There are 2 protein chains.
Amino acid sequence: MRFEGADSGTVRPGGRTARVRAAVLQATGDALAEHGFAPLDLADIARRAEVGKTTVYRRWGTVTRLVADLLLDMAEQSLPRTETGSLFGDLKANARLVQRTLADPRQGALFKAVIAAATCDAKTAEALHRFYDIRVKEWAPCVQQAIDRGEVPEDTDVHEVIRAVSAPLYYRLLTSGESIDEAAADRAAEAAATAARAGAYLRGV
Amino acid sequence: MRFEGADSGTVRPGGRTARVRAAVLQATGDALAEHGFAPLDLADIARRAEVGKTTVYRRWGTVTRLVADLLLDMAEQSLPRTETGSLFGDLKANARLVQRTLADPRQGALFKAVIAAATCDAKTAEALHRFYDIRVKEWAPCVQQAIDRGEVPEDTDVHEVIRAVSAPLYYRLLTSGESIDEAAADRAAEAAATAARAGAYLRGV
């Protein structure tokens, strides 16, 4: 299974350096998913990854840099968008991907942990913003295609439509606590598509 | 100024017990806004509140219980909804209230801190869900009124419409990092109103 985030099961290309990175990032993700951010410790990560402690310290140095690298890897490993031919179809595919990611126990816990970490560390926040920026840009062309088809107004902020699909699902994950199910995903996609068609996401309004 | 959350400047009614609670909750909010959740310490809170340490330990016992009480107080102190006569007007008033809260440096930092705390503590998560439940229920009648006026379909999930207004603003606060300005608030209200009118928030769909 590959979700919005990094896939923990992929065999990755590359030599020893790449394998070390993969093992360490896997261990970091596991530790974050299990315990949240607070007790993260480079020595523990090295032990989980079965990699020398000095390698981890030399290469990443701090927990912040390690988490930033994990977020970069999650963005690199994340799934490309699917194309269905309609705005609602595309946004629904996006919403379902986000939904499966956040509803997955490991991935959901991992996202919670990095988001919590970002609330108290500026570098982690930057890395998190970059992650969402990459994901939003990956999906934004489906809104541009809807503009080209005449389905939504010309001047629509394509990125904002993509963010609008994710927002209700993250709201459930982080604040209100309702379950993140497929109905919630489909509703988020439908609401965003409907509002986009009606011109609610015009630029500079 | 009173925002969605607790107001730090209100003179509250009540005797010594109420004053102690107010001082301790104020100190808790300040500490959370300044440092986030991790270094919260009951002795430090007592010192900030100028209240005896044993009072704080006896009354709240744990940081978790103290934060839960803070969230309860924030819900109790939060502003009642305003009525404007139209769904978009009401949702915009709600969105602007959430926007001012999250864009305010102290309140924004406080919400980030309690949300981060909730990611790694089930009791805090429960208290957080209760807070949003109370706020959503406070505003939901404006959607019911829109149903009664025939502005939105009968079977609309009124709570989900209110959550949809907040979601894009919290998404900016917690994940993507864009600024939480009035334009974002108005757009969130317009998108939710448009989607609600079009039936995107029907129950059980």
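Whatever comes next refers back to the structure up there.
Keep in mind the model is a prediction, meaning the values are calculated, not measured.

Caption draft 1: Highlighting the overall build of chain A. When helices and strands are tallied, chain A shows 10 helices and zero strands. Listed by position from the N terminus, the elements making up chain A come as α-α-α-α-α-α-α-α-α-α. The C-alpha atoms of chain A give 18 Å as radius of gyration, which agrees with the globular expectation for 205 residues (17 Å, within 12%). Projected onto the principal axes, the alpha-carbon positions of chain A cover approximately 55 × 35 × 30 Å. Looking at chain A as a whole, 55% of its 205 residues qualify as buried. Taking the intrachain contacts of chain A between residues at least 6 apart in sequence as the baseline, contacts between residues at least 24 apart amount to 70%. Just so you have it, chain A exposes about 8,600 Å², and 51% of that area is on carbon and sulfur atoms. In chain A, 27 positive and 28 negative side-chain charges are present, and the distance between their average locations comes to 6 Å.

Caption draft 2: Just the interface of chain A and chain B, in detail. Each side of the interface is counted separately: chain A has 35 residues, and chain B has 35 residues. Summing both partners gives a buried area of about 3,100 Å² for chain A against chain B, and 62% of it is carried by carbon and sulfur. When residues of chain A are sorted by the area they lose upon contact with chain B, Tyr171(A), Thr175(A) and Arg187(A) head the list and together hold 23% of the total. Across the chain A-chain B interface, the total number found is six salt bridges.

Caption draft 3: Fine view of unusual backbone geometry. The phi torsion at Glu50(A) lies on the positive side, around 55°, for a residue other than glycine. Since its relative accessible area comes to 75%, Glu50(A) is described here as exposed.

Caption draft 4: Up close: the packing of aromatic side chains. Residues and elements named next belong to chain A. In total, this model carries 12 aromatic pairs over all chains according to the counting rule given. Taken together, a centroid distance of 6.4 Å and an interplanar angle of 70° make the contact between phenylalanine 111 and tyrosine 170 edge-to-face. Taken together, the residues span a long stretch of sequence, with phenylalanine 111 in helix α6 (residues 105–119) and tyrosine 170 in helix α9 (residues 158–176) at a distance of 59 residues. Residues phenylalanine 111 and tyrosine 170 agree in their burial class; the two are buried. Consider the rings of phenylalanine 131 and tyrosine 132, whose centres lie 5.1 Å apart with planes at 85°: the pair is edge-to-face. Taking the relative accessible area as the measure of exposure, phenylalanine 131 reaches 1% and is therefore buried.

Caption draft 5: Layout of the environment of Arg203(A). Mapped onto the fold, Arg203(A) is located in the segment after α10 (182–197). For the pair formed by Arg203(A) and Glu154(A), sequence separation is 49 residues and the distance between their alpha carbons is 9.6 Å. Excluding its chain neighbours within four sequence positions, the residues that come into contact with Arg203(A) are Asp155(A), Thr156(A), Asp157(A), Val158(A) and Arg187(B).

Caption draft 6: Representation of the pattern of salt bridges. Summed over the entire model, instances satisfying the criterion amount to 34 salt bridges over all chains. When the shortest N-O distance is used, the salt bridge between Glu151(B) and Arg197(B) registers 3.5 Å. Here Glu151(B) is found in the loop between α8 (141–148) and α9 (158–176), whereas its partner Arg197(B) is found in helix α10 (residues 182–197), with 46 residues between them in sequence. With a relative accessible area of 37%, Arg197(B) lands in the partly exposed category. One continuous salt-bridge network, built from bridges that share partners, spans Arg21(A), Asp69(A), Asp73(A) and Glu76(A).

Rules used in this analysis
- Residues numbered from 1 in each chain as written.
- Chains lettered and ligands numbered in written order.
- Predicted model: local features only at pLDDT ≥ 70, side-chain atom pairs only at ≥ 80, totals over all residues.
- Heavy atoms only, no water.
- Helix = DSSP H or I, 4+ residues; strand = E, 2+ residues; numbered from the N terminus.
- Rg over C-alpha atoms; globule rule 2.2 N^0.38 Å.
- Buried < 20%, exposed > 50% of the residue type's maximum accessible area, 1.4 Å probe, protein only.
- Contact = heavy atoms within 4.5 Å.
- Areas by Shrake-Rupley, 256 points an atom, 1.4 Å probe, with all protein chains shown as cover.
- Lys, Arg positive; Asp, Glu negative; His and termini not counted.
- Charge placed at Lys NZ, Arg CZ, Asp CG, Glu CD.
- Buried area = accessible area lost by both parts, 1.4 Å probe.
- Salt bridge = Lys/Arg side-chain N within 4 Å of Asp/Glu carboxyl O.
- Phe/Tyr/Trp six-rings, centres within 6.5 Å; stacked < 30°, edge-to-face > 60°.

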